[in-house]
Amino acid sequence: PVLVSGTDGVGTKLRIAFMMDKHHTIGEDCVAMCVNDILCQGAKPLFFLDYLATGKLIPERMAEVVKGVSNGCLKAGTALIGGETAEMPGFYKEDEYDIAGFAVGVVDKEMIINGSNIQEGDYILGLPSSGLHSNGYSLVRKIAFERMGYRVDTYIKDLACTLGEELLKPTRIYTKPVYNLVKNYDIKGICHITGGGFYENIPRTMPKGLTANIDTNKIKKHKIFDLLQSWGNISTDEMYSTFNMGIGMILIISEG
């Protein structure tokens, strides 16, 4: 058995939670960002710890955040074994905080997925995302709030919800579908589509000399991506190098 670990946060998505004063999904995002990463090597998540730092400890708000962490751990099938909450007045604003997490999983050495046996002609499967997940929010805020002048409570007809509700949708946790596939099939490579989008993440999964051929017409994009591209007049290349564009994780398999 080999232990696989990963650590991550949720980036500037936190700013949306502050603006809406809603904190019950941010913890779930943090769990997702960590466990999805260790899944990429075929590891089953075992346990998770969180770190919270805030300017002023407001128990109700911290309880909301930790409830999100707990929900994320249930979805990921991992134990929440502890954490740390630090009150740091003068360092963070009273109504702000930061969160990071740490996950550990296990995989048998001969079952580690590292992409080394990927070859020409293999297939790439895309698993749908739940929305923006936890990447690209600095650009999102610049487009939606600064350029368009929207607020988090602006109702967007195309989204059938407020802008803030769309932006706070939690990152999908892929443990159950992916780990079931890993146990039953020869999965050659797994890639979590996070910061850097398709362009930075997918090539890291494959051996040198190979490239990915993605048919983007087969991707069911969420409406938020079309809106952001239109609002910001963003090129398609930049969209695919910043956002997940509707695919949160990819798996590479043989034709058979």
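Here, residues in each chain are numbered from 1, in the same order as that chain's written sequence. Thresholds applied to this predicted model are a pLDDT of at least 70 for local features of residues and 80 or more for the giving and counting of side-chain atom pairs; totals over whole chains, interfaces and linings are not thresholded and use all residues. The side-chain values count all of the structure's non-hydrogen atoms but skip hydrogen atoms and water molecules.

### Some details on the overall build of the protein chain
Inference 1: Each helix and strand counted, the protein chain has nine helices and nine strands in total.
Inference 2: Its C-alpha atoms give the protein chain a radius of gyration of 19 Å, within 12% of the compact-globule value 18 Å for 256 residues.
Inference 3: Projected onto the principal axes, the alpha-carbon positions of the protein chain cover approximately 55 × 45 × 30 Å.
Inference 4: Relative to all contacts within the protein chain whose residues are 6 or more apart in sequence, the contacts with residues 24 or more apart total 84%.
Inference 5: Only the protein chains shown count as cover for residues, and all accessible areas are computed by the Shrake-Rupley method using a 1.4 Å probe. Looking at the protein chain as shown, the accessible area adds up to about 12800 Å², and 50% of this sits on carbon and sulfur atoms.
Inference 6: Under this rule, positive means Lys or Arg and negative means Asp or Glu; His and the chain ends count for nothing. Where a charge sits is defined by one atom per residue type, namely NZ (Lys), CZ (Arg), CG (Asp) or CD (Glu). Separation between the mean location of the 26 positive side-chain charges and that of the 30 negative ones in the protein chain comes to 4 Å. A run of H or I in DSSP becomes a helix once it reaches four residues, and a run of E becomes a strand once it reaches two; helices and strands are each numbered from the N terminus. The globule rule used for comparison is 2.2 Å times the number of residues to the exponent 0.38, while the radius of gyration itself is calculated over C-alpha atoms. Only heavy atoms matter for contacts: two residues are in contact if any of them lie within 4.5 Å across the pair.

### Remarks on the nonpolar core
Inference 1: Residue types Ala, Val, Leu, Ile, Met, Phe, Trp, Tyr and Cys, when buried and joined through side-chain atoms within 4.5 Å, form a set referred to as a nonpolar core. Per-residue accessibility, obtained with a 1.4 Å probe over protein chains only, is compared with the maximum for each type, and a residue is labelled buried under 20%, exposed over 50%, and partly exposed between these values. Membership of the largest hydrophobic core comes to 60 residues, with the highest contact counts inside it found for Tyr97, Ile99, Leu132, Leu163 and Leu167.
Inference 2: Here Leu167 is in contact with Lys13, Ile16, Leu132, Tyr137, Val140, Phe145 and Ile224, once residues within four sequence places are set aside.
Inference 3: Counting 12 residues, the second-largest nonpolar core is a separate cluster that includes Ile113, Val178, Tyr179 and Met249.

### Regarding the pattern of salt bridges
Inference 1: Salt bridge criterion: a side-chain nitrogen from Lys or Arg within 4 Å of a carboxyl oxygen from Asp or Glu. Taken as a whole and judged by the stated rule, the model has eight salt bridges.
Inference 2: Put simply, Arg61 and Asp21 hold a salt bridge, and the shortest N to O gap is 3.7 Å. Residue Arg61 is found in helix H3 (residues 59–76), and its partner Asp21 is found in the loop between helix H1 (13–20) and helix H2 (26–39); the two are separated by 40 residues along the sequence.
Inference 3: On the accessibility criterion, Arg61 (14% relative accessible area) is buried.
Inference 4: Looking at Asp21, the relative accessible area reads 48%, which means it is partly exposed.

### Describing the environment of Ile250
Inference 1: With respect to the helices, strands and loops of the structure, Ile250 is situated in strand E9 (residues 247–253).
Inference 2: A relative accessible area of 3% means that Ile250 is categorised as buried.
Inference 3: Spatially, the C-alpha atom of Ile250 lies 19 Å from that of Gly105, the residues being 145 residues apart in sequence.

### What to know about the layout of surface pockets
Inference 1: Cavities and pockets were defined on a 1 Å grid built over protein atoms only: a cavity is a set of grid points that admits a 1.4 Å probe from which the probe cannot escape, a pocket is an open set flanked by protein on both sides within 12 Å along at least five of seven lines, and lining residues are those with an atom within 4 Å of any such point. Grid points are joined across faces, edges and corners, and a volume is the space filled by probe spheres set on the points. Estimates place the volume of the largest pocket at around 630 Å³.
Inference 2: Taken together, 28 residues line the largest pocket, and the ones lying closest to its centre are Ile124, Leu125, Asn213, Ile214 and Asp215.
Inference 3: Those elements giving two or more residues to the lining of the largest pocket turn out to be strand E5 (123–128) and E9.
Inference 4: Residue contributions to the lining of the largest pocket peak at five residues, all from E5.
Inference 5: In this structure, the second largest pocket encloses a volume near 260 Å³.
Inference 6: Around the second largest pocket sit 14 residues that line it, and Cys40, Ile190, Cys191, Arg204 and Thr205 are the ones nearest its centre.
Inference 7: Breaking the lining of the second largest pocket down by element, the ones donating at least two residues are strand E8 (189–192) and helix H7 (197–205).
Inference 8: The leading source of residues in the lining of the second largest pocket is E8, at four residues.

### Notes on the packing of aromatic side chains
Inference 1: Aromatic contacts are taken between Phe, Tyr and Trp rings whose centres are within 6.5 Å, Trp giving its six-membered ring; a plane angle under 30 degrees counts as stacked, one over 60 as edge-to-face, and the others as tilted. Tallied over the full model, the rule gives five aromatic pairs.
Inference 2: Ring centres of Phe18 and Tyr97 lie 5.1 Å apart, and the angle between their planes is 80°; on these two criteria the pair is classed as edge-to-face. Note that Phe18 is positioned in helix H1 and Tyr97 in strand E4 (residues 97–107), a separation of 79 residues in sequence. Neither residue differs from the other here; Phe18 and Tyr97 are each classed as buried.
Inference 3: Plain terms: the ring middles of Tyr150 and Trp231 are 5.0 Å apart, the flat faces sit at 65° to each other, and that makes the pair edge-to-face. On the criterion of sequence distance, the pair formed by Tyr150 in the loop between helix H4 (137–147) and strand E6 (155–156) and Trp231 in helix H8 (residues 223–232) is long-range, its members being 81 residues apart.
Inference 4: The exposure class of Tyr150 is partly exposed, given its relative accessible area of 24%.

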